[in-house]
Amino acid sequence: MPFKNSDWLPSYEELEVQEIEMSTPVLRAGAHHFGKYCDNQSKEFMLCYQETKDPRKCLQEGKQVTKCGLDFFRKVKQHCAAEFTEYWQCLDHSSFDMAYKNCRKPQAKFDECIKTNLGQERPEAGYFAKVRVHKTNRPKPERIVPLPERVPGPEDIDRTKPAPESVKTGSRLFWF
């Protein structure tokens, strides 16, 4: 869909946010705890995006997710740097299919450190797939659905033409 001159685009200042500059193994190692730690902010962003269907209207919610992620990884660095480093390096140096089997001990150390220092347990399997209700204070946006000027009705059918044979009698081909 091409943009028009009348379309609003955010300025560079509105888009400016500090990024989470980490590699894939680091993000994969912290993903479960990060997802649970920033659950509310992530849901708020996704709710905004689903309701408005326009990411430009959800910039503030997106910035909150990034801010929460930065806060989480700063706390991990402050309290659990050694355990986290051991875990993500194990994931990085293991093959994809063996990573989780070979890295259970470093994972357990990291999970225990997070539980002790941040008070958060590792989410159980399927936690993020469960249906969970999200309460929000943000007002629901109004959706403007354009209606056609006139909805076609039965009076629009041309009754001067004969109906096709298949409409009169139905299909004569059927299978048991």
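Placed above this text is the structure.
This one's a predicted model, so the numbers in the text were calculated from it and none came from an experiment. (Residues numbered from 1 in each chain as written. Predicted model: local features only at pLDDT ≥ 70, side-chain atom pairs only at ≥ 80, totals over all residues. Heavy atoms only, no water.)

K.L.:
What should I look at first to understand the side chain of Asp111 in this one?
P.N.:
Locating Asp111 in the fold gives a position in helix H6 (residues 104-118). Residue class for Asp111 comes out buried when judged on its relative accessible area of 14%. Other than its neighbours up to four places away in sequence, Asp111 contacts His33 and Arg122. (Helix = DSSP H or I, 4+ residues; strand = E, 2+ residues; numbered from the N terminus. Buried < 20%, exposed > 50% of the residue type's maximum accessible area, 1.4 Å probe, protein only. Contact = heavy atoms within 4.5 Å.)

K.L.:
I would appreciate a short explanation of unusual backbone geometry in the present structure.
P.N.:
Negative phi is the rule for most residues except glycine; trans is the rule for most peptide bonds. Non-glycine residue Lys53 carries a positive phi angle of around 55°. Within the fold, Lys53 resides in the loop between helix H3 (39-52) and helix H4 (59-93). Judged by relative accessible area, Lys53 falls into the exposed class, the value being 52%.

K.L.:
What's the story with the environment of Cys58 in this structure? I'm lost.
P.N.:
Within the secondary structure, Cys58 is located in the loop between H3 and H4. Look at Cys58 and you get buried, because its relative accessible area is 1%. Between the C-alpha atoms of Cys58 and Met46, which are 12 residues apart in sequence, the distance is 8.8 Å.

K.L.:
I'm lost on H3 in this one. Help?
P.N.:
An α-helical turn contains 3.6 residues, so any two residues separated by three or four positions project in the same direction. Between its terminal C-alpha atoms H3 stretches 20 Å, which fits the 20 Å expected from 14 residues at 1.5 Å a residue. Every buried residue of H3 is accounted for by Asp39, Lys43, Glu44, Cys48 and Glu51. Taken down its axis, H3 places every buried residue within 160° of arc, on the same side. Structurally, H3 contributes buried residues whose contacts are with helix H2 (24-37) and H4. Backbone geometry just after H3 places Lys53 at a positive phi near 55°. (Expected span 1.5 Å × (residues − 1). Arc of directions from axis to C-beta.)

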